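What the coordinates show
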Amino acid sequence: MAVTRVAYEADGWGVGELWLDGEVVVWHELPMGKPRPATTLSDVSGNVVARLQAYFAGEPETFDDVPVDLEYETPFLEACARALRRIPRGETVTYGELAALAGAPGAARAAGSFCARNRLGLFVPCHRVVSAGGLGSYGSHGVAYKKRLLELEGAAV
């Protein structure tokens, strides 16, 4: 695997990172914090970066067509990722609903664990998964970041 790391800046959000194996996204870090040194963009990474920047600028960009690496997942967790990629921008599901969409009703905790360790950021949009009683958590980015992403997408929060 020949992975390329690309740092990108999203105005008002910070700097994110994207790792690509050709056209396949293998890792995505959401933008935060201070700028890092820029990297040279290929045509492929430049297109994905432009789409990410458009998304963070509030444009109705989606990423369900961008190939992602799910080879490391169990069949259930891969089903969670695929189901989550079909949740439209601006909509949310609960962890239980995600589990049911993935074919395992009652596996809400497993769906939550999947979201907690998601390494594909907006490409597998776990920010669209909420708890039955509210927003739920969002790892090191925090609930405020999750709320901001949902508001950017026009979701009721």
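Let me begin by describing the structure that accompanies this report. (Residues numbered from 1 in each chain as written. Predicted model: local features only at pLDDT ≥ 70, side-chain atom pairs only at ≥ 80, totals over all residues. Heavy atoms only, no water.)

**Concerning the sheet that holds strand β3 (residues 24-32)**
Read from one edge of the open sheet, three strands run β1-β2-β3, paired in antiparallel fashion. Bordering the open sheet on either side are β1 (3-10) and β3, each of which pairs with just one other strand. Averaged over all neighbouring strand pairs, the angle between strand axes comes to 15°, with direction disregarded. Strand direction decides the pairing type here: strand β2 (residues 14-21) and β3, joined by six bridges, are antiparallel. Opposite Leu20, over in β3, you have Val25 as the bridge partner. (Pairing = 2+ DSSP bridges. Helix = DSSP H or I, 4+ residues; strand = E, 2+ residues; numbered from the N terminus. Axes fitted to C-alpha atoms, helices over the stretch in contact; angles between N-to-C directions.)

**A word on the packing of helix α2 (residues 75-85) against helix α4 (residues 108-116)**
Two numbers describe how α2 lies on α4: the axes approach to 10 Å, and their chain directions differ by 75°. Between α2 and α4, the angle falls in the class roughly perpendicular. For the pair formed by α2 and α4, the contact residues are Phe76, Leu77, Cys80, Ala81 and Leu84 on the first element and Ala110, Ala111, Phe114 and Cys115 on the second. Split by residue class, the contact of α2 with α4 holds nine nonpolar, no polar and no charged. (Parallel < 35°, antiparallel > 145°, perpendicular 65-115°, else oblique. Contact = heavy atoms within 4.5 Å. Nonpolar A, V, L, I, M, F, W, Y, C, P; charged D, E, K, R; others polar.)

**Looking at the side chain of Glu73**
Positionally, Glu73 belongs in the loop between α1 (43-56) and α2. With a relative accessible area of 8%, Glu73 lands in the buried category. (Buried < 20%, exposed > 50% of the residue type's maximum accessible area, 1.4 Å probe, protein only.)

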